[in-house]
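Here are the chains, one letter per residue:
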Amino acid sequence: MELKEIAHIRTDFREKFGIPRQSGLVPSLQGMIIFEQEYRDLNAFKGIEGYSHLWLLWQFSRALRDTWSPTVQPPRLGGNTHMGVFATRSPYRPNPIGLSSVRLEKFDIDPKCGPVLYVSGADLMDGTPIYDIKPYLSYTDSHPDAVCGFADRVKEEALQVEFPEELLNILPENKREAAAELLSQDPRPHYQKDPSRRYGMAFAGFDIRFYVDGRTARVCEIENLTTHEIYRALFG
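Residues numbered from 1 in each chain as written. Predicted model: local features only at pLDDT ≥ 70, side-chain atom pairs only at ≥ 80, totals over all residues. Heavy atoms only, no water.

It is worth spelling out the pattern of salt bridges at this point. Two side chains that carry opposite charge are able to pair once their charged atoms sit near each other. Applying the stated criterion across every chain yields a total of 11 salt bridges. With a closest N to O distance of 2.7 Å, Asp-126 and Arg-10 form a salt bridge. Within this pair, whereas Asp-126 is found in the loop between β7 (114-120) and β8 (129-135), its partner Arg-10 is found in strand β1 (residues 7-10), the two being separated by 116 residues in sequence. Using a relative accessible area of 45% as the deciding quantity, one classes Arg-10 as partly exposed. When salt bridges that share partners are traced, they join Asp-207, Arg-209, Glu-221, Glu-223 and Arg-232 into one network. (Salt bridge = Lys/Arg side-chain N within 4 Å of Asp/Glu carboxyl O. Helix = DSSP H or I, 4+ residues; strand = E, 2+ residues; numbered from the N terminus. Buried < 20%, exposed > 50% of the residue type's maximum accessible area, 1.4 Å probe, protein only.)

Below, the discussion takes up the packing of aromatic side chains. Applying the stated criterion across every chain yields a total of eight aromatic pairs. Through a chain of ring-to-ring contacts, the aromatic side chains of Phe-17, Tyr-199 and Phe-210 assemble into a single cluster. Over the ring of Tyr-118 we find Lys-106, and its NZ or CZ is 4.6 Å from the ring centre. Cation over ring: Arg-198 sits above Tyr-211, and NZ or CZ is 4.1 Å from the ring centre. (Phe/Tyr/Trp six-rings, centres within 6.5 Å; stacked < 30°, edge-to-face > 60°. Lys NZ or Arg CZ within 6 Å of the ring centre and 35° of its normal.)

Okay, the nonpolar core next. Core analysis: the biggest nonpolar cluster contains 25 residues, and Phe-163, Leu-183, Phe-203, Ile-208, Phe-210, Val-219 and Ile-222 have the highest contact counts within it. Put simply, the parts of the chain that give this core at least two residues each are α4 (176-184), β10 (199-203), β11 (206-213) and β12 (216-224). Look past the residues within four positions of Phe-210 in its chain and what remains in contact with it is Phe-17, Leu-183, Pro-187, Arg-188, Arg-197, Arg-198, Tyr-199, Met-201, Ala-217, Arg-218, Val-219 and Cys-220. Among the nonpolar cores identified, the runner-up in size contains 20 residues, and Ile-9, Phe-35, Leu-54 and Val-119 belong to it. (Core = buried A, V, L, I, M, F, W, Y, C linked by side-chain atoms within 4.5 Å. Contact = heavy atoms within 4.5 Å.)

Here we take up the sheet that holds strand β3 (residues 53-59). If you walk around this closed barrel you meet the six strands as β1-β2-β7-β6-β3-β8, and the pairing is antiparallel. When strand polarity is set aside, the average angle formed by the axes of neighbouring strands in this sheet is 45°. With five bridges connecting them, strand β2 (residues 30-35) and β7 associate as antiparallel partners. Directly across from Met-32, in β7, lies its bridge partner Tyr-118. (Pairing = 2+ DSSP bridges. Axes fitted to C-alpha atoms, helices over the stretch in contact; angles between N-to-C directions.)

Before going further, it helps to examine a nonpolar patch on the surface. A contiguous nonpolar patch, built from Met-1, Leu-3 and Ile-97 and spanning about 360 Å² of accessible area, is present on the exposed surface. Secondary-structure assignment places Ile-97 in strand β6 (residues 97-110). (Patch = residues over 30% accessible without salt bridge, like charges linked within 9 Å, V, L, I, M, F, W, Y side chains within 5 Å. Areas by Shrake-Rupley, 256 points an atom, 1.4 Å probe, with all protein chains shown as cover.)

Attention shifts here to the pairing of β6. As defined by bridge partners, β3 adjoins β6 across seven bridges and the pair is classed as antiparallel. Looking at the pairing, Trp-58 lines up with Gly-98 of β6. By the bridge criterion, seven bridges tie β6 to β7 in an arrangement that is antiparallel. Among the inter-strand pairings, Ile-109 is bridged to a residue of β7, identified as Pro-115. Counting the residues in the hairpin turn of β6 and β7 gives three residues.

Here it is as structure tokens:
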């Protein structure tokens, strides 16, 4: 069986750190799906505007390995507990295939790229290869009574986010809400709880630097990755 890359997604994530752990957790995240030349036939998109959500089948392109392990150590369990790979959504799988549900915001025709899907809520790194796209069907794909194993036991409340206005205003206006929502999801590995440690999250062309004090994420610096200008806020 040969899988072909039908498209790539453009997102604001150039690195893995900071990407939501699941799709849909940060609804304000925006992405563009751009198709390979072979798959730009408009007939392939007939009727797609009638759906609000789509399934994306994609490749964990930064997690390619020649071997596999039957167990993994989920970060949400502290990185020390082994679980079966098929009981997790770890990227380190026999086949590095991911599955995400996203909202379809718009279908458009670009003069250079042809058909483009504008989506929100994606949990994919910029440039991720996409193998297939299918419509989400609420009457069969949604299971409100589903039991979610250990994932149900380790859910935490969102962090409060302290984002000084002078730093927030450095970001493009249409990126500010998503940046704050990303921080509220606590992008740190679950086993890292050092309140003095500073973290950097590359998002939308900026390095957003923060630390976590109790249940509050405090943004202290932003670096523009294009100009390398660094902006700081002082906390009393």
